Amino acid sequence: MTAPAVPYAGIASRAVALAIDAAIAQVIVLTGGAMLALVGSLVTDVRFDALARLLAGAAWLGVVAAYFVLFWSTAGQTPGMRLLGLRVMGPRRGHPGVGRSAVRVIGLGLAIVPLFASFLPVLVDRRRRGLQDLLAGTVV
């Protein structure tokens, strides 16, 4: 007799999906930054002062946030989640909207900051929700 399938994603599969998505987002950011640096070097002498570094950090944050919000709100899953068969669902079992996905990205950032400690509720919560899920009202 086989055990029934668990309907909610565990911490390991979520971590692997997040690592895959982080790698994809980094490739997107690095490719875009390299193209901008190339064009900039053809036009003028490129120097990375404090303002340029601040703008590059803000651009990185914007691209990563847009990556997650776009995929969660339109498909309900990122490419990393799709590889592992995971899906984010809102309270009505559909895709979370843009607002709910944005709240989830903010929650994801807050969950990562204290040494990934805010992912620990996934281990004890009945529906395996992390901080980002609790804030956005979603499940994976």
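Keep in mind it's a predicted model, so treat the numbers as computed, not measured. By convention here, each chain's residues receive numbers from 1 onward along its written sequence. In view of the model being predicted, local features appear only for residues whose pLDDT reaches at least 70, and side-chain atom pairs are presented and counted only at 80 or more, with totals across whole chains, interfaces and linings using the full set of residues. Heavy atoms throughout the structure, all of them, feed into the side-chain values; hydrogens and water do not.

A closer look at the nonpolar core
Across soluble globular proteins, nonpolar side chains show a tendency to be buried alongside one another. Among buried residues, the Ala, Val, Leu, Ile, Met, Phe, Trp, Tyr and Cys ones that are joined through side-chain atoms within 4.5 Å form a nonpolar core. When a residue's accessible area, from a 1.4 Å probe over protein chains only, is under 20% of the maximum for its type it is buried; when over 50% it is exposed; and in between it is partly exposed. Counting 17 residues, the largest nonpolar core has Phe-68, Trp-72, Met-81, Leu-86 and Val-140 as its most contacted members. For the purposes of this entry, the term helix denotes a DSSP run of H or I that reaches at least four residues, the term strand denotes a run of E that reaches at least two, and both are numbered from the N terminus. If you list the elements that add at least two residues to this core, you get helix H1 (11-43), helix H2 (50-74) and helix H4 (98-112). Take this core: its biggest share by element is 5 residues, from H2. If near-sequence neighbours (up to four positions away) are discounted, Phe-68 is found in contact with Leu-18, Asp-21, Thr-78 and Val-105. Only heavy atoms matter for contacts: two residues are in contact if any of them lie within 4.5 Å across the pair.

Section: H1
An α-helical segment advances 3.6 residues per turn. Residues three or four places apart therefore align on the same side. A helix's residues, less one, multiplied by 1.5 Å, set its expected span. Over its 33 residues, H1 runs 47 Å from end to end, which matches the ideal 48 Å to within 8%, given 1.5 Å per residue. For H1, the complete set of buried residues consists of Arg-14, Ala-17, Asp-21, Ala-25, Val-29 and Gly-40. Tucked inside the fold, the buried residues of H1 contact H2, helix H3 (79-84), H4, helix H5 (121-124) and helix H6 (131-136).

What to know about the pattern of salt bridges
Throughout this description, the term salt bridge denotes a Lys or Arg side-chain nitrogen within 4 Å of a carboxyl oxygen of Asp or Glu. Applying the stated rule across the entire model yields 3 salt bridges. Across the pair Arg-14 and Asp-133 runs a salt bridge whose closest N-O atoms are separated by 2.4 Å. Highlighted residues: Arg-14 in helix H1 and Asp-133 in helix H6, separated in sequence by 119 residues. Owing to a relative accessible area of 10%, Arg-14 belongs among the buried residues under this scheme. Measuring nitrogen to oxygen at the nearest pair gives 2.7 Å for the salt bridge that ties Asp-133 to Arg-104. Within this pair, whereas Asp-133 is found in helix H6, its partner Arg-104 is found in helix H4, the two being separated by 29 residues in sequence. By relative accessible area, which is 0% here, Asp-133 ends up buried. Overlapping salt bridges bring together Arg-14, Arg-104 and Asp-133 as one network.

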